[in-house]
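Observations on chain architecture
Residues per chain are reported as follows:
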Amino acid sequence: MTMTQLPAYEQVKAFVKQQIGSGAWRPGDPVPSEAALQQQFGLSRMTVNRAIKELAVEGLVTRVQGSGTVVAQLHRISTTLALRDIREEITESGHHHSTQVLTVESAKADAALAQVFKLRTGARLFHSVLLHLADGVPIQLEDRYVNPAAAPDYLGVNFNATTPTSYLLEHAPLTQASYSIEAGLAGAAEAKALAIKRGDPVLVMTRATVSGPHVASFARLVYPGARYSFNGTFQL
């Protein structure tokens, strides 16, 4: 499932989470009103209300009587994860990496992507969907959007010879990155690609990278929960 195929209320949630995760919205900052989000995404009041309610239940926002919704005061353990190339991860673990290129195309930014990339709605983006395998077994479904201003030759890259992460690190040097990691259940398209059953547990990382003045890429990385784990260092 691509980001633009997410249910409407999940698109609103993903947008709010990205703003919080990137540091653009800090604890105590106001969240746009439901009316503003309705207009921004072209959705019904009920759909936006569901998204905000679920975000409140998840502890990301706080609904203040008479004052609207604000970013919650988060007391979380932070994690530092190195930005690794999936090919390096697989190779270093003693397995053979291979790639199936599913999609490489031009795309138009919807409202959520336009906010992420700080571009106008309808602006041109590059879009790729790749399946990464270890010894022939699917390990990561990578759904990525790229800013042409940061990597103008992206559509011409041979992704059987290199990975998007490796290419972007070389041609759009990283100056900042933000990410979130969540547990989820595989949808039909994800299950088919990853060779698992629909509803099986998956790990989902969304990651935005910045290169100089540009938001360079935004990726949704889906891993089968039984085959992958994240490792990092933790600090209070």
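Structure: see above.
One structure accompanies this document, and this report is about it. These numbers were taken from a predicted model, which means no experiment stands behind them.

Procedures and definitions
Residues numbered from 1 in each chain as written. Predicted model: local features only at pLDDT ≥ 70, side-chain atom pairs only at ≥ 80, totals over all residues. Heavy atoms only, no water. Buried < 20%, exposed > 50% of the residue type's maximum accessible area, 1.4 Å probe, protein only. Helix = DSSP H or I, 4+ residues; strand = E, 2+ residues; numbered from the N terminus. Pairing = 2+ DSSP bridges. Core = buried A, V, L, I, M, F, W, Y, C linked by side-chain atoms within 4.5 Å. Contact = heavy atoms within 4.5 Å. Axes fitted to C-alpha atoms, helices over the stretch in contact; angles between N-to-C directions. Expected span 1.5 Å × (residues − 1). Arc of directions from axis to C-beta.

1. Considerations on the pairing of strand E9 (residues 214-224)
Counting buried positions along E9 gives 10 out of 11 residues, so the element sits mostly inside the fold. As paired elements, strand E6 (residues 137-146) and E9 share six bridges and run antiparallel to each other. Looking across to E9, one finds that valine 146 is bridged to serine 217. In the sheet, strand E8 (residues 201-211) pairs with E9 via 10 bridges, with the strands oriented antiparallel. Bridge pairing in E9 places valine 210 opposite valine 215.

2. Description of the nonpolar core
Taken as a class, soluble globular proteins show a tendency for nonpolar side chains to be buried jointly. One finds Val16, Ile20, Trp25, Leu37, Phe41 and Val61 to be the most contacted residues of the largest nonpolar core, which totals 18 residues. Those elements that provide at least two residues to this core are helix H1 (8-21), helix H2 (34-41), helix H3 (45-57) and helix H5 (111-117). For valine 16, the contacting residues outside a window of four places in its chain are Trp25, Leu55 and Val61. Residues Leu133, Ala191, Ile196 and Val204 belong to the second largest nonpolar core, which totals 12 residues.

3. Focus on the sheet that holds strand E5 (residues 124-134)
Strand order in this open sheet of six strands is E4-E5-E6-E9-E8-E7, and the pairing throughout is antiparallel. Bordering the open sheet on either side are strand E4 (97-108) and strand E7 (176-185), each of which pairs with just one other strand. Strand-to-strand, the axes of this sheet are offset by a mean angle of 15°, without reference to chain direction. Of the strand pairs in this sheet, E7 and E8 are connected by 10 bridges, and their pairing is antiparallel. Across the sheet, residue isoleucine 181 finds its bridge partner in E8, namely methionine 205. Seen against the sheet, helix H6 (residues 164-171) touches E5, E6, E8 and E9 and runs at an angle of roughly 40° to E6.

4. Points about H3
In a regular helix each residue adds 1.5 Å, so 13 residues correspond to 18 Å; H3 covers 18 Å between its end C-alpha atoms and thus fits that length. If you check which residues of H3 are buried, you get Val48, Asn49, Ala51, Ile52 and Leu55. Here the buried residues of H3 occupy an arc of 160° about the axis, which is enough to place them on one side. Those residues of H3 that are exposed and aimed more than 90 degrees away from the buried face are Met46 and Val57. As for H3, its buried residues are in contact with H1, H2, strand E1 (61-64) and strand E2 (68-71). Directly after H3, the chain includes glycine 59, whose backbone phi takes a positive value near 85°.

5. Side note on the pairing of E6
Burial of E6 is extensive: nine of the 10 residues sit out of reach of the surface. Hairpin geometry of E5 and E6 is characterised by an intervening segment of two residues between the two adjacent antiparallel strands and by a positive phi of about 55° at aspartate 135.

6. Description of unusual backbone geometry
The phi dihedral of lysine 118 falls on the positive side, at around 60°, and the residue is not glycine. Looking at the secondary structure, you find lysine 118 in the loop between H5 and E5.

7. Thoughts on the environment of arginine 227
Along the chain, arginine 227 turns up in the loop between E9 and strand E10 (233-235). The exposure class of arginine 227 is partly exposed, given its relative accessible area of 32%. C-alpha separation for the pair arginine 227 and isoleucine 139, spaced 88 residues apart in sequence, amounts to 6.8 Å. Dropping the residues within four chain positions of it, arginine 227 is found in contact with Val137, Pro138, Ile139, Leu194, Ala195 and Ile196.

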